Amino acid sequence: MTHSIDLGRGSDGPLLELRNLKTHFFTQDGVVKAVDGVTFSVDDGKTLGVVGESGCGKSVTAMSILRLVGRPGRIVEGEIRVHGRDLVPLSENEIRDVRGNTISMIFQEPMTSLNPVYTCGDQIAETVALHLNLGRKAAMDRAIEMLRLVGIPDPKRRAREYPHQLSGGMRQRVMIAMALSTNPVLLIADEPTTALDVTIQAQILELMKEMRQTNGTAIMLITHDLGVVAEMADDVVVMYAGKVVEMSSVTKIFETPHHPYTKGLLASIPRLGDRRTRLAVIEGTVPNPLNLPTGCLFKRRCPYAMPICDTAPPLQQVAPDHVSRCWLTPEGAAPEVGAAAPPDVAEPAAAALSVGP
Amino acid sequence: MTEPATTPSAELGSDPLERLMPSEPTATPVGGALIEVEDVVKHFDIRGGLLGISKLGAVRAVDGVSFKVRRGETLGLVGESGCGKTTLGKVILRLIPATSGQVVVDGKPIFGLSEREMVAVRRDMQIVFQDPYSSLNPRMTVGEIVGEGPYVHGLKSKREREDLVRELLAKVGLNQSHIHRYPHEFSGGQRQRIGIARALALNPEFVVCDEPVSALDVSIQSQVLNLLDDLQQELGLTYLFIAHNLAVVEHISDRVGVMYLGKLVELAPVDGLYNQPAHPYTVALLSAVPETDPRRRKKRLVLRGDVPSPANPPSGCRFHTRCWLRERLGNPERCQTEEPLLREIRPGQEVACHFSEDVTPETIDTATRRLPPVSAEAPVA
């Protein structure tokens, strides 16, 4: 196969850069803005954690990157740049080259993403044959080699087995083997350990760390588990209702979070060592995506909500390499324009503070 | 972390969030045994053959488990999927029949009772299920779901039943006017509240909570955990709290039992279990929990392999095929031949391991450092 586009290592720009990405779903009941102006980037060899609750748009963001969003969904605006090259205008054939070759993806539920009527070896070999242009025999050898690399005992025998003959952890290893078999520069992992038991989760996380180290693969790790993020990520993006609400390095997010939603999330998880203390709570529930509030999307659940929050808050810089979509000053006080500033004052103020869409 | 002042939760102390989290620890008066589980066994037959009726074997889901739940306490039960924790919860409530053993509720053995006699016992024992989507009948309104138990147990007046349901909805934090709505009109967290209201409708003493928060988002999880805590304080409930999330179990429990392949391998007060785990499996479980502090990325003690099939469990100690301690002790034969029984090694802390005296910080540390991660036999190219 000849590669019509080269997105490999060493080209210009960060490995992956999303600019103002908007993916909307045009349903009968109205437009769901699942991803609404998301901007972030992943550098070569780095791990970016994307966290948020169900419905915040983190999975749709991942699907958009590989252009896997189907009707009624559509990327309506924005750019997805891989080493400077925009994927949005690519044809179906061109994007197929990117999938698997440059960017691979693993999903939450390995049983539904493996084909039940082909053996594990066949499925990996198919990927390898297609993307690396190898013959049948060589592709199967590579498949067995990959199964060995991801720690599957007796890989030759396992390659002849069907997905239902493997445990959940083994299946996820097969998925990882398949995803990494083509040496992608970016691995998108969508809740890779959520369906697994804790001791198996530990195995898979260790495996991903090991693979990251040996292959230099960058990882975009989507999860709702803050423990997994703390353990794996270099940088963290926190999403809420389709927007990035906070973004920084993992230490800043966990030690000096700025956005009230991030603070609430961190405070509400029970941690080892917590005994019978009362948990902090984020009141209420995620807003209905068909009927989002005006202004700040979090204001109805926010303990700091002010009248100014009826105007959409800016994504402002609160520290070096640390942005937050909130009206509070970096120190956590009411904004300079005043807590009750009317929209005609607040909007220009937001524009002045804003560093992103 | 050396300075607690920089942890997010400590920093929030001076924030408006503080009013949401009064910090006084809760204490429940704990009394004598309310539930006694005596050597309960539950095997599921595997049938096959030409007619599908010959018995080929049995899945030994629960294989001889004994413990007591004291009045007013929360006993946590942890373990990985397939360890039998959910089956045990259902057997205790007699929702499924046990193969052998006995459960004594408030001094009364329940496995010999007739269905009619069970009706009275069931008032006192309720369950909250894991999946708030499949455990509520989509064709019944909230009022019918929550009011069904009281109706069966003799509260026939529609008016009184509605009053009771409204009171229960308020108690679990739902809007009373939603009584005529259907389950699909609610979010996951709200549905779990409906499930809790249903469990409380008969004013039970004992509630089995089977993974009540694992299907919920983190911000909703804490709401439901706090609700369960409040209800326990207010109504003097006794919980058997089944979950796989060790941090959640630590948070809510007074004592914790750890299950592995149908067996209880450790049972201890929450302090003992989390500070001084005595079974190698408990150590590994705790080590597997991701650390929520990015500065303390720890080296883990990673277990090799998967849980063996409960249809054909290993001989002797069921954990011996994955045990790091056994490996460190040079694979003593006793682990394969002799099944370890629960024995008390510290006050209140029982463990089923022949060598739990060798579970020390030193052995844990060496096992953690020595064990290469997953791919033991596969050197990475």
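Definitions and cut-offs
- Residues numbered from 1 in each chain as written.
- Chains lettered and ligands numbered in written order.
- Predicted model: local features only at pLDDT ≥ 70, side-chain atom pairs only at ≥ 80, totals over all residues.
- Heavy atoms only, no water.
- Helix = DSSP H or I, 4+ residues; strand = E, 2+ residues; numbered from the N terminus.
- Rg over C-alpha atoms; globule rule 2.2 N^0.38 Å.
- Buried < 20%, exposed > 50% of the residue type's maximum accessible area, 1.4 Å probe, protein only.
- Contact = heavy atoms within 4.5 Å.
- Areas by Shrake-Rupley, 256 points an atom, 1.4 Å probe, with all protein chains shown as cover.
- Patch = residues over 30% accessible without salt bridge, like charges linked within 9 Å, V, L, I, M, F, W, Y side chains within 5 Å.
- Salt bridge = Lys/Arg side-chain N within 4 Å of Asp/Glu carboxyl O.
- Lys, Arg positive; Asp, Glu negative; His and termini not counted.
- Charge placed at Lys NZ, Arg CZ, Asp CG, Glu CD.
- 1 Å grid on protein atoms, 1.4 Å probe; cavity = no way out; pocket = protein on both sides within 12 Å on 5 of 7 lines; lining within 4 Å.
- Points joined across faces, edges and corners; volume = space filled by probe spheres on them.
- Nonpolar A, V, L, I, M, F, W, Y, C, P; charged D, E, K, R; others polar.
- Expected span 1.5 Å × (residues − 1).
- Axes fitted to C-alpha atoms, helices over the stretch in contact; angles between N-to-C directions.
- Parallel < 35°, antiparallel > 145°, perpendicular 65-115°, else oblique.
- Left-handed = near helix turned anticlockwise from the far one by under 90°.
- Pairing = 2+ DSSP bridges.

> When you look at the overall build of chain A in this model, what are you seeing that I'm missing?
Looking only at helices and strands, one finds 12 helices and 12 strands in chain A. Taking 2.2 N^0.38 as the reference for a compact globule, 357 residues should give roughly 21 Å; the C-alpha atoms of chain A span a radius of gyration of 22 Å, in line with that estimate. Taking the principal axes of the C-alpha coordinates as reference, chain A spans close to 70 × 50 × 40 Å. Expressed as a percentage of the 357 residues in chain A, the buried residues total 56%. In chain A, 66% of the contacts between residues at least 6 apart in sequence involve partners at least 24 apart. Approximately 14,000 Å² of chain A is accessible, and the part contributed by carbon and sulfur atoms is 51%.

> Even after reading the chapter, I still don't get a negative patch on the surface, so can you show me in this structure?
All names here are of chain A. Together, Asp43, Asp44, Asp235 and Asp321 make up a region of like negative charge exposed at the surface. Looking at the element boundaries, Asp321 is found in the loop between β11 (315–319) and β12 (322–325). Overall, the relative accessible area of 65% leaves Asp321 in the exposed class.

> For this particular structure, what's the right way to read the layout of surface pockets?
Rolled over the atoms, a probe sized like a water molecule indicates the empty space that remains. Residues and elements named next belong to chain A. Within this model, the second largest pocket holds a volume of roughly 690 Å³. Arg99, Gly100, Thr127, His131 and Met178 are, among the 21 residues lining the second largest pocket, the residues nearest its centre. For the lining of the second largest pocket, the elements supplying multiple residues, two or more each, are α2 (92–101), β6 (103–106), α4 (120–132) and α7 (168–180). Ranked by residue count, the leading element in the lining of the second largest pocket is α4, at 6 residues. Residues belonging to the lining of the second largest pocket are distributed by class as follows: 10 nonpolar, 7 polar and 4 charged.

> Can you help me understand unusual backbone geometry in this one?
For residues besides glycine, phi is generally negative; the peptide bonds are generally trans as well. Residues and elements named next belong to chain A. Arg71 connects to Pro72 through a cis peptide bond whose omega is 5 degrees. Locating Pro72 in the fold gives a position in the loop between α1 (58–65) and β4 (73–82). Unlike most non-glycine residues, Asp154 shows phi in positive territory, near 55 degrees. Tracing the backbone shows Asp154 in the loop between α5 (136–149) and α6 (155–159). Since its relative accessible area comes to 41%, Asp154 is described here as partly exposed.

> What should I look at first to understand the environment of Thr285 of chain A in this one?
The residue Thr285 of chain A is located in the loop between α11 (260–268) and β11 in this model. On the basis of relative accessibility, which here comes to 39%, the residue Thr285 of chain A falls in the partly exposed class. For the pair formed by Thr285 of chain A and Pro89 of chain A, sequence separation is 196 residues and the distance between their alpha carbons is 36 Å. Excluding residues that lie within four positions of it along the chain, Thr285 of chain A makes contacts with Tyr240 and Arg301 of chain A together with Ser187 and Ile220 of chain B.

> Could you clarify how one ought to interpret the pattern of salt bridges in this entry?
When charged atoms on two side chains of opposite charge get close, those side chains can pair. Under the criterion given, the structure shown has 36 salt bridges over all chains. With a shortest N-O distance of 2.9 Å, Arg157 of chain A and Asp154 of chain A are connected by a salt bridge. The salt bridge partner of Arg166 of chain B is Glu162 of chain B, with a shortest N-O separation of 3.1 Å. Here Arg166 of chain B pairs with Glu162 of chain B, and both are found in helix α5 (residues 158–171), just 4 residues apart, close to one helical turn. The class for Arg166 of chain B is partly exposed, based on a relative accessible area of 26%. Each of Glu17, Arg19, Glu79 and Arg81 of chain A takes part in salt bridges that share partners, so that together they form one network.

> Looking at this model, I keep getting lost on α5 of chain A. Mind explaining?
An α-helical turn contains 3.6 residues, so a residue and the one three or four places further along point in the same direction. Residue and element names in this part refer to chain A. Counted at 1.5 Å a residue, the expected span for α5 with its 14 residues is 20 Å, and the 20 Å between its end C-alpha atoms agrees. Burial in α5 covers these residues: Ala139, Ala143, Ile144, Met146, Leu147 and Leu149. As for α5, its buried residues are in contact with α4, α6, α7 and α8 (198–215).

> Looking at this structure, I do not really get the packing of helix α4 (residues 142–152) of chain B against helix α6 (residues 188–200) of chain B. What am I missing?
For any two helices packed against each other, one specifies the inter-axial angle together with the distance between the axes. Residue and element names in this part refer to chain B. It is the contact of α4 with α6, at a shortest axis distance of 7 Å, that shows an interaxial angle of 30 degrees. Judged by the angle between their axes, α4 and α6 are roughly parallel. In this structure, α4 meets α6 at a crossing whose hand is right-handed. On the side of α4, the interface is formed by Val142, Ile145 and Val146, while α6 contributes Ile194, Ala197 and Arg198. Class assignment for the residues of the contact of α4 with α6 results in 5 nonpolar, no polar and 1 charged.

> What exactly am I supposed to notice about the sheet that holds strand β2 (residues 30–42) of chain A here?
Pairing between the strands of a sheet is mediated by backbone hydrogen bonds and can be parallel or antiparallel. All names here are of chain A. Strand order in the open sheet formed by 4 strands is β2-β1-β4-β5, with antiparallel pairing between adjacent strands. Pairing within the sheet leaves two strands with one partner each, and these edge strands are β2 and β5 (85–86). Pairing analysis gives 9 bridges linking strand β1 (residues 16–27) to β2, with the strands arranged antiparallel. In the strand pairing of β2, Leu16 is matched with Val42. Sheet contacts for α1: β1, β2 and β4; angle to β1, the most-contacted strand, approximately 110 degrees.

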